Amino acid sequence: MEKPQPNPGLILAASKGDQRAKHRLLEQWAPVVLGWCTWLDDGRIDPEDAAHDVLVTVLTSIGSLRNPEAFQAWLFVTTKRVVGRHRRKLWLRSCFSVLEENEYRDPSPDGDAERHQARREVHQILGKLPDDLRQVMLLCIIEERSSSEAAAILHVPVGTVKSRLRRARSRLQRRLGRDKAIMGDPASALSSANGQE
Amino acid sequence: MSTPHEKWLQRRASVGAVTSGEADRLVRRVEATMEYAGSMDGASWWSRAWTSPGTLLFVAAHRRAMVGLAAILLASTLALGGSLHWSSARLDQFLESELATTLSPTPEVALLYTGSGRIQGRRKSPRIDWRVGTLQVSVQPSAGVDLVVETDEATVQVHGTRFSVTKDLLGTMVEVENGLVGVTCLNPNAASSDELFLAAGKSHRCLPNRPSTLLGRARALHSMGKATMARQAAQMGLELASPGDPVRGELLALQVEMLLMDSLTEQAAGLVKEYLDEGYEARREDMQQVAEILRQRPTGH
């Protein structure tokens, strides 16, 4: 997925209430936010519902954003907060037995089995990680952002990102190396990954 | 530089990545919500959440639990206070009484008043527009109540206390019994329009800020027989009015009349001279006669 770069002029116009700028901003960032909502959870919340709430929050309160340069970090913080809220709501509903708490949602309603399987595998990896490592893995490994870019988004020092990344990598290695039941045949998985290089 | 494990994760994530169809559907959904929000004329998300189909289904599925919860809440509220007071409840009540009357518009505020005014605002931020008479206010300390009393001449800000505001013809008198009160006199000609903080036992009077208003009030007080207050109002008006202003001439004439009634001839003679020197015409003949009489009489009090 191509990552959009924050456009300060567009963000400033949107913050002043320009409807066309808001629409453009929505089109640009909806895929990014949907991706974040997909991978920041372990597959139990509905990512589209969460992304919808994030974008509505952002579009209605963008006037309060003082520094357009901080837009991406603000968007990420809002996404984290909304995903957390959806998780809590899910837990609350599970208390009333409306939904099984551990129920895995089908992320591909159009019935794409291959995509469904891929998401499930990634969720099984990310779902075992604490939130801070999951965020770094999403930004630095899945989205291939640099440590400094991730540090700016997460509002933490670059050194913190690097140490979290190191821990996340080591866990990923352990998980993929040992848990063959989840990954199916890791050898074929790894060889297919290598074939893409 | 990615390890093979990371490459595998990237590949699986890209297979399971968001499609353009999903993103388009999300964009349409957000646009629809924003349009709906725009047509709601400021209705809160909270109110819309309560009327959303999901919420209604949830409530319907657990109606017994909801009814039980509501009953428990109501019972505990009644047991605690006996009545419901919400911080957002709007206040709007006229205060009108010739006899001393007590009123507790909110649990944190008690009023004792004689006169007329109106209380508006919300429970945590009541505003009292006090027109005439005496109003005693008692506010529960540290209750987060931001109460303000406004008169023509002053704004009184409460800082958790008991105080009284007397609005009469001369002006507004604020007297503090307990705690601390901030008073701002609405007088642009005053040296400072900053908030004046009054501690317990202190008082402050805010006077009108226009010479014509003070002239009217001085005349009214004089006709009511309140000589001291009338002279105070006239003196205040004289300090504000510029030489040559006809209002100043009237104030001088009134002050002369009041001083003569109190046999303060020496002060009266000084003001008569000011009247004649500044060239006012309306009461010139009267003032010349007074000057003549004062010259013939021995000076004294």
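Being a predicted model, the structure only gives us computed values, none of them experimental.

**Q** So what's going on with empty space enclosed by the protein? Residues and values would help.
**A** To find leftover empty space, one rolls a probe the size of a water molecule over the atoms. All names here are of chain A. A complete count under the given rule lists 1 cavity of 30 Å³ or more for this structure. Taken as a whole, the largest cavity holds about 40 Å³ of empty space. Lining the largest cavity are Leu25, Leu26, Trp29, Leu55, Val58, Leu59 and Phe71. Residue composition of the lining of the largest cavity, by class: 7 nonpolar, no polar and no charged.

**Q** Talk me through helix H6 (residues 211-223) of chain B; I want residue IDs and the actual numbers.
**A** Residues and elements named next belong to chain B. With 13 residues, H6 extends 18 Å from end C-alpha to end C-alpha; this agrees with the ideal 18 Å at 1.5 Å per step. The set of residues buried in H6 consists of Pro211, Leu214, Leu215, Arg217, Ala218 and Leu221. Tucked inside the fold, the buried residues of H6 contact strand S6 (162-167), helix H7 (227-240) and helix H8 (246-261). Glycine 225 sits one or two positions beyond H6 and adopts a positive phi of about 85 degrees.

**Q** Give a detailed account of the environment of leucine 260 of chain B, specifying residues and quantitative values.
**A** All names here are of chain B. Considering the arrangement of structural elements, one finds leucine 260 in helix H8. Assessed through its relative accessible area of 31%, leucine 260 is described here as partly exposed. Taking the C-alpha atoms as reference points, leucine 260 and leucine 294, separated by 34 residues in sequence, lie 9.9 Å from one another. In contact with leucine 260, other than residues within four places in its own chain, are Thr265, Ala268, Val290 and Leu294.

**Q** An account of the interface of chain A and chain B is needed here, citing residue identities and associated values.
**A** Each partner contributes to the interface: chain A provides 46 residues, whereas chain B provides 29 residues. Where chain A touches chain B, the interface holds 5 salt bridges. Here arginine 29 of chain B ties to glutamate 48 of chain A by a salt bridge, and the two come within 3.1 Å at their closest N and O atoms. At the surface where chain A touches chain B, the tally comes to 7 residue pairs in polar contact (both at pLDDT 80 or more). When residues of the side of chain A that touches chain B are traced back to their parent elements, those giving at least two are helix H2 (19-40), helix H3 (47-61), helix H5 (113-126), helix H6 (131-142), helix H8 (158-178) and helix H10 (186-195) of chain A.

**Q** For the pairing of S6 of chain B, give the residues involved together with the corresponding values.
**A** Residue and element names in this part refer to chain B. In terms of residue burial, S6 counts as a mostly covered element, since 5 of its 6 residues are buried. Summarising the sheet, strand S3 (residues 125-139) and S6 pair through 6 bridges and their orientation is antiparallel. Its bridge partner being in S6, valine 137 is matched across the sheet by phenylalanine 163. Where S6 lies against strand S7 (residues 172-178), 6 bridges are found, and the strand directions are antiparallel. When the sheet's bridge partners are listed, arginine 162 is paired in S7 with asparagine 178. In textbook terms, the turn of a hairpin is the stretch between consecutive antiparallel strands, and for S6 and S7 this stretch comprises 4 residues.

**Q** Tell me what's going on with the nonpolar core, and back it up with residues and numbers.
**A** Ranked by internal contacts, the top residues of the largest apolar core, which has 61 residues, are Phe71 of chain A together with Leu9 of chain B. In terms of residue count, H2 of chain A provides more of this core than any other element does, 12 residues in total. Beyond its immediate chain neighbours, meaning those up to four positions away, leucine 9 of chain B contacts Val122, Ile125, Met137, Ile141, Ile142 and Leu172 of chain A. Ala230, Leu254, Ala291 and Leu294 of chain B belong to the second-largest nonpolar core, a separate cluster that totals 28 residues.

**Q** If you had to explain the packing of H2 of chain A against H6 of chain A to someone new, which residues and values would you point to?
**A** For any two helices packed against each other, the geometry is given by the interaxial angle and the distance between the axes. Residue and element names in this part refer to chain A. Their axes nearest at 10 Å, the elements H2 and H6 cross at an angle of 130 degrees. In terms of orientation, H2 lies oblique with respect to H6. H6 is crossed by H2, and the crossing has right-handed handedness. When H2 is examined against H6, the residues Trp36, Trp39 and Leu40 are found in contact with a partner set consisting of Arg134, Gln135, Leu138, Leu139 and Ile142. Here the residues of the contact of H2 with H6 are counted per class, giving 6 nonpolar, 1 polar and 1 charged.

**Q** Please set out the packing of aromatic side chains residue by residue, giving values where relevant.
**A** Residue and element names in this part refer to chain A. The final tally for this structure, using the stated rule, is 5 aromatic pairs over all chains. Geometrically, the ring pair formed by tryptophan 29 and phenylalanine 71 is edge-to-face, given 5.4 Å between the ring centres and 70 degrees between the ring planes. Linking tryptophan 29 in helix H2 with phenylalanine 71 in helix H4 (residues 71-95), this pair joins segments that are 42 residues apart in sequence. Of the two residues examined, tryptophan 29 and phenylalanine 71, each falls in the buried class. Ring geometry for tryptophan 36 against phenylalanine 76: centres 4.8 Å apart, planes inclined by 85 degrees, an arrangement best described as edge-to-face. Pair noted here: tryptophan 36 is in helix H2 and phenylalanine 76 is in helix H4, with a separation of 40 residues, a long-range link. Here tryptophan 36 matches phenylalanine 76 in class, with each residue buried. Members of the aromatic cluster, connected to one another through ring pairs, are Trp29, Phe71 and Trp74.

**Q** If you had to explain helix H1 (residues 4-15) of chain B to someone new, which residues and values would you point to?
**A** The terminal C-alpha atoms of H1 of chain B, which comprises 12 residues, lie 17 Å apart, in line with the 16 Å expected from a rise of 1.5 Å per residue. Those residues of H1 of chain B lying buried are His5, Glu6, Trp8, Leu9, Gln10, Arg12 and Ala13 of chain B.

**Q** Just give me the short version of unusual backbone geometry, but keep the residues and values in it.
**A** In this structure, glutamate 144 of chain A takes a positive phi of about 55 degrees despite not being glycine. Relative to the helices and strands, glutamate 144 of chain A is located in the loop between H6 and helix H7 (147-154). For glutamate 144 of chain A, a relative accessible area of 52% translates into the label exposed. Even without being a glycine, serine 263 of chain B presents a positive backbone phi close to 60 degrees. Within the element layout of this structure, serine 263 of chain B appears in the loop between H8 and helix H9 (265-277).

**Q** Summarise the packing of H9 of chain B against helix H10 (residues 284-296) of chain B; cite the residues concerned and give the values.
**A** Residue and element names in this part refer to chain B. Put simply, H9 and H10 touch, their axes get as near as 10 Å, and they point 140 degrees apart. Judged by the angle between their axes, H9 and H10 are oblique. Pair H9 / H10 crosses with left-handed handedness. In contact with Thr265, Ala268, Ala269, Val272, Tyr275 and Leu276 of H9, H10 contributes Arg284, Met287, Gln288, Val290, Ala291 and Leu294.

**Q** I'd love a proper account of the environment of leucine 186 of chain B, names of residues and values included.
**A** Residues and elements named next belong to chain B. Within the secondary structure, leucine 186 is located in the loop between strand S8 (180-185) and strand S9 (196-199). The exposure class assigned to leucine 186 is partly exposed, which follows from its relative accessible area of 36%. Along the primary structure leucine 186 and glutamate 153 are separated by 33 residues, whereas in three dimensions their C-alpha atoms are 5.0 Å apart.

Reading guide: rules and limits
Residues numbered from 1 in each chain as written. Chains lettered and ligands numbered in written order. Predicted model: local features only at pLDDT ≥ 70, side-chain atom pairs only at ≥ 80, totals over all residues. Heavy atoms only, no water. 1 Å grid on protein atoms, 1.4 Å probe; cavity = no way out; pocket = protein on both sides within 12 Å on 5 of 7 lines; lining within 4 Å. Points joined across faces, edges and corners; volume = space filled by probe spheres on them. Nonpolar A, V, L, I, M, F, W, Y, C, P; charged D, E, K, R; others polar. Helix = DSSP H or I, 4+ residues; strand = E, 2+ residues; numbered from the N terminus. Expected span 1.5 Å × (residues − 1). Buried < 20%, exposed > 50% of the residue type's maximum accessible area, 1.4 Å probe, protein only. Contact = heavy atoms within 4.5 Å. Salt bridge = Lys/Arg side-chain N within 4 Å of Asp/Glu carboxyl O. Polar contact = N/O pair within 3.5 Å; in protein donor to acceptor, adjacent residues only side chain to side chain. Pairing = 2+ DSSP bridges. Core = buried A, V, L, I, M, F, W, Y, C linked by side-chain atoms within 4.5 Å. Axes fitted to C-alpha atoms, helices over the stretch in contact; angles between N-to-C directions. Parallel < 35°, antiparallel > 145°, perpendicular 65-115°, else oblique. Left-handed = near helix turned anticlockwise from the far one by under 90°. Phe/Tyr/Trp six-rings, centres within 6.5 Å; stacked < 30°, edge-to-face > 60°.

These values are about where atoms sit, not about what they do.
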